[in-house]
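What the coordinates show
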Amino acid sequence: MNKMIRADFSRISSRVPRYIILLLIFAAEAATIYFATGGSFGDKRYYELSFTLFCSATQFFIGLIEMAYIFGDDLKAKVMQLGIGVGVNRRKIVFAKWFEIVILIAIDMAVMVGIAYAIGTIRQIPVNTFIMGFTKDAIRNWISFVVFISISMIFIFAFQSLAIGYVIFTIFNFDIINIAVSVLANMKLLKWLHLDQYTVTALVGHLKSVKSIALLAAYVIVSFIITFIVYGSKELEF
């Protein structure tokens, strides 16, 4: 599995278009924070707001980019099938792909926090009073992504289709599930269950609670189990 992960990171690191897209996003973040906190229309009071809004607006696209480079080439070239053909365990393939994408997203978010820190320093903003809040926001976004991609992987591996994974990831990222659950939670028959307290967004908002952490971990573990089952029993075309 270690060889597979190293090979994937080596392949991804050689993809110039990925770097160009990410650099454009990071440059846009730097420009947004810089102009929001100074100049004719900016104000240092917008420092935290500009970072939070930019991260909320772009984390979805960063997720799509990393999903494309983790799964896209392998699904097209049937690399995972080749790995199975030479004896690689399917569960190890699932875990390797999950590990790779959550690490890449963690790196991307760390870079975004670093850019916010750098621009704040340039603008002579007391960044130390904000950096902890930025880090917490990035961690919350990362945890949400980990859960969303874990669920999306069920469909990616079940249907061997990145497009279906994109659809599931989009549904969760844009809170469509939260809206549906909120509607159900307000129905008289289901109101007593308090279903809206168990959505990923609600749980991520209460990370100090052991119950929330346990339920988020349960989402990931159950998603893994389902992926193992559907992928393990799937007939693959070579």
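Shown above is the structure to which this text applies.
Below you will find a few notes about this structure. Computed from a predicted model, the values in this text were never measured in an experiment.

Counted according to the given criterion, the structure contains 17 aromatic pairs. Aromatic side chains Phe-71 and Phe-157 sit 6.1 Å apart centroid to centroid with 85 degrees between the ring planes, which places their arrangement in the edge-to-face category. Of this pair, Phe-71 sits in helix H3 (residues 47-77) while Phe-157 sits in helix H6 (residues 131-159), and the two are 86 residues apart along the sequence. Residue Phe-71 shares its accessibility class with Phe-157, and that shared class is buried. Through pairs of rings, three or more aromatic residues link up here, namely Phe-60, Phe-61, Phe-145, Phe-169 and Phe-174. Above the ring of Tyr-231, the side-chain terminus of Arg-90 is found at 5.4 Å from the ring centroid.

Another aspect to go through is the nonpolar core. Grouped together as the largest cluster of nonpolar side chains are 59 residues, with contacts concentrated most on Phe-71, Trp-98, Ile-101 and Ile-149. Counting residues per element, the ones that place at least two in this core are helix H1 (2-13), helix H2 (16-36), H3, helix H5 (90-122), H6, helix H7 (162-173), helix H9 (200-204) and helix H10 (210-232). With residues near it in sequence (within four places) discarded, Phe-71 still touches Lys-97, Ile-101, Ile-149, Met-153, Ile-156, Phe-157 and Leu-162.

What follows is about the pattern of salt bridges. With the rule as written, the count across this model stands at three salt bridges. For the salt bridge of Arg-18 with Glu-66, the shortest nitrogen-to-oxygen distance reads 2.9 Å. Of this pair, Arg-18 sits in helix H2 while Glu-66 sits in helix H3; the two residues are 48 residues apart in sequence, bridging distant segments of the chain. The class of Glu-66 is buried, set by a relative accessible area of 0%. In this structure, Glu-100 engages Lys-97 in a salt bridge whose closest nitrogen and oxygen atoms are separated by 3.9 Å. Of the two residues, Glu-100 and Lys-97 are both situated in helix H5; the distance of three residues between them amounts to about one turn of the helix.

Rules behind the numbers
- Residues numbered from 1 in each chain as written.
- Predicted model: local features only at pLDDT ≥ 70, side-chain atom pairs only at ≥ 80, totals over all residues.
- Heavy atoms only, no water.
- Phe/Tyr/Trp six-rings, centres within 6.5 Å; stacked < 30°, edge-to-face > 60°.
- Helix = DSSP H or I, 4+ residues; strand = E, 2+ residues; numbered from the N terminus.
- Buried < 20%, exposed > 50% of the residue type's maximum accessible area, 1.4 Å probe, protein only.
- Lys NZ or Arg CZ within 6 Å of the ring centre and 35° of its normal.
- Core = buried A, V, L, I, M, F, W, Y, C linked by side-chain atoms within 4.5 Å.
- Contact = heavy atoms within 4.5 Å.
- Salt bridge = Lys/Arg side-chain N within 4 Å of Asp/Glu carboxyl O.

Don't take any of this as a statement about function, it's just geometry.
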